[in-house]
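The chain contents come next:
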Amino acid sequence: METIGPGTGDPLHAGPSAVVQRRRLALSGVRGHVAKGRDFTRQALQDWGWGWDGNATAEDTLLLVSELLTNASLHAGGCIELALSAGEVLRIEVFDGSTTLPHRHPSPQRGLPGGHGLHIVERLSDRWGTHTHENGKAVWAEIEASRLTSGRPTGR
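All residue numbers refer to position in the chain's written sequence, counted from 1. Note on the predicted model: pLDDT of at least 70 is required for a residue's local features to be given, and 80 or more for side-chain atom pairs to be given and counted; whole-chain, interface and lining totals, by contrast, use all residues. Excluded from the side-chain calculations are hydrogens and water; all other atoms, namely the structure's heavy atoms, are used.

Enquirer: I'd love a proper account of the pattern of salt bridges, names of residues and values included.
Expert: One side-chain nitrogen of Lys or Arg within 4 Å of one carboxyl oxygen of Asp or Glu is enough to make a salt bridge. Inspection of the entire model under this criterion finds 10 salt bridges. The partner of Asp39 in a salt bridge is Arg42, with the nearest N and O atoms 3.0 Å apart. Within this pair, Asp39 and its partner Arg42 are both found in helix H2 (residues 33-47), separated by 3 residues, close to a single helical turn. Here Glu144 makes a salt bridge to Arg127, at a shortest N to O gap of 2.5 Å. Of this pair, Glu144 sits in strand E5 (residues 136-144) while Arg127 sits in strand E4 (residues 127-133), and the two are 17 residues apart along the sequence. Helix numbers and strand numbers start at the N terminus; a helix is a DSSP run of H or I with at least 4 residues, a strand a run of E with at least 2.

Here it is in structure tokens:
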């Protein structure tokens, strides 16, 4: 396993936090996968009680999902699956069939498209990274459940 973002190890499997629920959405060959992923995530957040009425962190979560799915499409040959896990954190994982690890552009140019995706992921999540599996990799990001409950972003 390789972790790229802030933090160490794989927080889903490292700490005392138990995963309460997990949902998966198959996306291989699906048209409109970003919109489907956002709808899937919105419904999960509502079902898990992580509010919606004006919740800034919930909106940030949808942007985070959009960025991860778009990056997989543009740079990893497409999305295979979106997985959401709820516990003390919301863990978002986007699986693709490429073993090529993502990398941040050192300084994307303001006002120009492209190169901002992983900067957005880093900014909106509490932790992010990758793990490889036999058929490719997953890029994951986590948001503390307390942020989803309060609706307030952290002061990072």
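Enquirer: Could you give an account of the pairing of E4, naming the residues involved and the relevant values?
Expert: Counting buried residues along E4, 5 of its 7 residues qualify, which places the element largely inside the surrounding structure. When DSSP finds two or more bridges between a pair of strands, those strands are recorded as paired. With 7 bridges connecting them, E4 and E5 associate as antiparallel partners. Its bridge partner being in E5, His131 is matched across the sheet by Ala138. Hairpin remark: E4 followed by E5, antiparallel, with 2 residues in the connecting loop. Summary of the burial criterion: residues with accessible area below 20% of their type's maximum are buried, those above 50% are exposed, and those between are partly exposed, where the area comes from a 1.4 Å probe applied to protein chains only.

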